[in-house]
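Each chain, letter by letter, is given below.
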Amino acid sequence: MAKARKVIISCAVTGAIHTPSMSPYLPVTPEEIADAAIGAAEAGAAIVHLHARDPQTGAPDQTPEAFARFLPIIRQRSDCVVNITTGGAPTMTIEERVKPVATFKPELASLNLGSMNFGLFGMLDRFKDLKHDWERTYLANKEIIFRNTFGQIEHILTTCAGSGTRFEFECYDTAHLYNLKYFLDRGLVQGPLFIQTVFGLQGGIGNHPDDIAHMKRTADRLFGDQYRWSVLGAGRNQMNVAAIAAAQGGHVRVGLEDSLWLGPGRLAETNADQVRRVRLILEGLGLEIATPDEAREMLSLKGGDKVAF
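What you are looking at is a predicted structure, and each value in this text was computed from that prediction instead of being measured.

Asker: Give me the lowdown on the overall build of the chain, citing residues and values where you can.
Answerer: When its secondary structure is counted, the chain shows eleven helices and 14 strands. Computed over the C-alpha atoms, the radius of gyration of the chain is 18 Å, within 12% of the 19 Å expected from 2.2 N^0.38 for a compact globule of 309 residues. In terms of overall dimensions, the chain has a C-alpha envelope of 55 × 40 × 40 Å along the principal axes. Among the 309 residues that make up the chain, the fraction classed as buried is 57%. The contacts in the chain between residues at least 6 apart in sequence include a share of 75% that link residues at least 24 apart.

Shown next as structure tokens:
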């Protein structure tokens, strides 16, 4: 009898897109971020994807000191795979963005594979009452180009070379897959590639089922059996995108970085709520949830005892 396929659930617990005024449940302080990550892991997330924030204003904070306030707590209380962002926020320099990963040498780090227009201004139509001055300025900016040039991507790869950190390659459009192929062909990255295709952000590919199928077909053609495919859907399409991809052999990512919602008009009160919801979908498809150690094996990670936090 064939065994059920194992699916990796990643949970991105806070991110740098949503702002504190949008939801009272968005983790902001180090304690909230640590608790959110541990709760998500206990609910079934093998991987937790982490950003840091200023505990007073909730603004994105990419200093190593900000990450140091919660990374050791998570490691002490959970065996989950820790994935640290190199994306930071689209307004940060590449030197700022890479510092936490260079400092803490996690098992996994996110890496964006291409520059793109980045539009958060649509959120102002839904969220009128903002508590902090920085939120409106940040969200209203229609001039953001999220810079991820070939030189910047190579800078992150070479800065982290030798640390054993592997990458979650975030691909927001078809060209980003081709950019990844460029780095693979030149030996700067090695398989198995963990490719996170991102759907529904303003400036990237949409979230229609045809968009999902197109990204998978392209990745299959470019990478064959050299990659592991995961998806994230932004906003209200989070669970729809996860279900479509899971049925086609993919892994899934949820979390309040990607969507604040648990259902129509219902805010998710915890990241763990979203993990439990996507777990119901996966198990309803006859799939099993990968443990952290199973995720480590699938992605060829170095192990939680080889990090610098």
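Past the structure itself, the notes keep going.
Asker: I'd like a rundown of helix H1 (residues 30–43), residues and numbers included.
Answerer: Compared with the 20 Å implied by 1.5 Å per residue over 14 residues, the 20 Å span of H1 between its first and last C-alpha is a close match. Burial within H1 is extensive, with ten of its 14 residues counted as buried. Of all the residues in H1, the buried ones are Pro-30, Ile-33, Ala-34, Ala-36, Ala-37, Ile-38, Gly-39, Ala-40, Ala-41 and Ala-43. Contact partners of the buried residues in H1: strand E2 (9–12), strand E3 (47–50), helix H3 (71–77) and helix H10 (271–284). Gly-44, located one to two residues past H1, shows a positive phi value of around 130°.

Asker: An account of the packing of aromatic side chains is requested, with residue identities and associated values reported.
Answerer: Counting across every chain of the model gives nine aromatic pairs. Between Phe-150 and Phe-183, the aromatic rings sit 6.0 Å apart at their centres with planes inclined by 40°, giving tilted as the arrangement. In this pair, Phe-150 sits in helix H6 (residues 150–160) while Phe-183 sits in helix H7 (residues 174–185), placing the two residues 33 residues apart along the sequence.

Asker: Hey, could you go over the state of the cysteines for me, with residue numbers and the actual values?
Answerer: Considering all chains together, one arrives at zero disulfides under this definition. Distance from the sulfur of Cys-11, which forms no disulfide, to the nearest cysteine sulfur (Cys-80) is 9.9 Å. According to the relative accessible area criterion, Cys-11 is buried, its value standing at 0%. In this model Cys-171 remains outside any disulfide bridge; the closest cysteine sulfur is found in Cys-160, 17 Å from its own.

Asker: Kindly report on unusual backbone geometry, identifying the contributing residues and their values.
Answerer: The step from Gly-191 to Pro-192 runs through a cis peptide bond, and the omega angle for that step is -5°. With phi around 55°, Ser-300 is a residue other than glycine that occupies positive phi space. When you line up the elements, Ser-300 lands in the segment after helix H11 (292–299).

Asker: If you had to explain H7 to someone new, which residues and values would you point to?
Answerer: When the terminal C-alpha atoms of H7 are compared, their 17 Å separation across twelve residues agrees well with the 16 Å that a helix rising 1.5 Å per residue should span. Turning to H7, its buried residues number three or more, namely Thr-174, His-176, Leu-177, Asn-179, Leu-180, Phe-183 and Leu-184.

Asker: Could you give an account of the environment of Thr-270, with specific residues and numbers?
Answerer: Looking at where Thr-270 falls in the secondary structure, it is placed in the loop between strand E13 (266–267) and H10. Each C-alpha atom, one on Thr-270 and one on Gly-39, is 8.2 Å from the other, the two residues being 231 residues apart in sequence. Polar contacts involving the side chain of Thr-270 include one to the main-chain amide nitrogen of Ala-272, which spans 3.4 Å. Reaching out from Thr-270, the side chain makes a polar contact with the backbone nitrogen of Asp-273 at a distance of 3.0 Å.

Asker: I'd love a proper account of the nonpolar core, names of residues and values included.
Answerer: Grouped burial of nonpolar side chains is what soluble globular proteins tend to show. Ile-9, Leu-50, Phe-70, Leu-71, Leu-193 and Phe-223 are the most contacted members of the largest nonpolar core, which totals 69 residues. The element contributing the most residues to this core is H1, with seven residues. Apart from the residues within four sequence positions on either side, Ile-9 is in contact with Gly-44, Ala-45, Ala-46, Ile-47, Val-252, Val-254, Val-275, Val-278, Arg-279, Leu-282 and Ile-289. Leu-201, Leu-232, Ala-234 and Leu-262 belong to the second-largest nonpolar core, a separate cluster that totals 26 residues.

Conventions and cut-offs
Residues numbered from 1 in each chain as written. Predicted model: local features only at pLDDT ≥ 70, side-chain atom pairs only at ≥ 80, totals over all residues. Heavy atoms only, no water. Helix = DSSP H or I, 4+ residues; strand = E, 2+ residues; numbered from the N terminus. Rg over C-alpha atoms; globule rule 2.2 N^0.38 Å. Buried < 20%, exposed > 50% of the residue type's maximum accessible area, 1.4 Å probe, protein only. Contact = heavy atoms within 4.5 Å. Expected span 1.5 Å × (residues − 1). Phe/Tyr/Trp six-rings, centres within 6.5 Å; stacked < 30°, edge-to-face > 60°. Disulfide = S-S within 2.5 Å. Polar contact = N/O pair within 3.5 Å; in protein donor to acceptor, adjacent residues only side chain to side chain. Core = buried A, V, L, I, M, F, W, Y, C linked by side-chain atoms within 4.5 Å.

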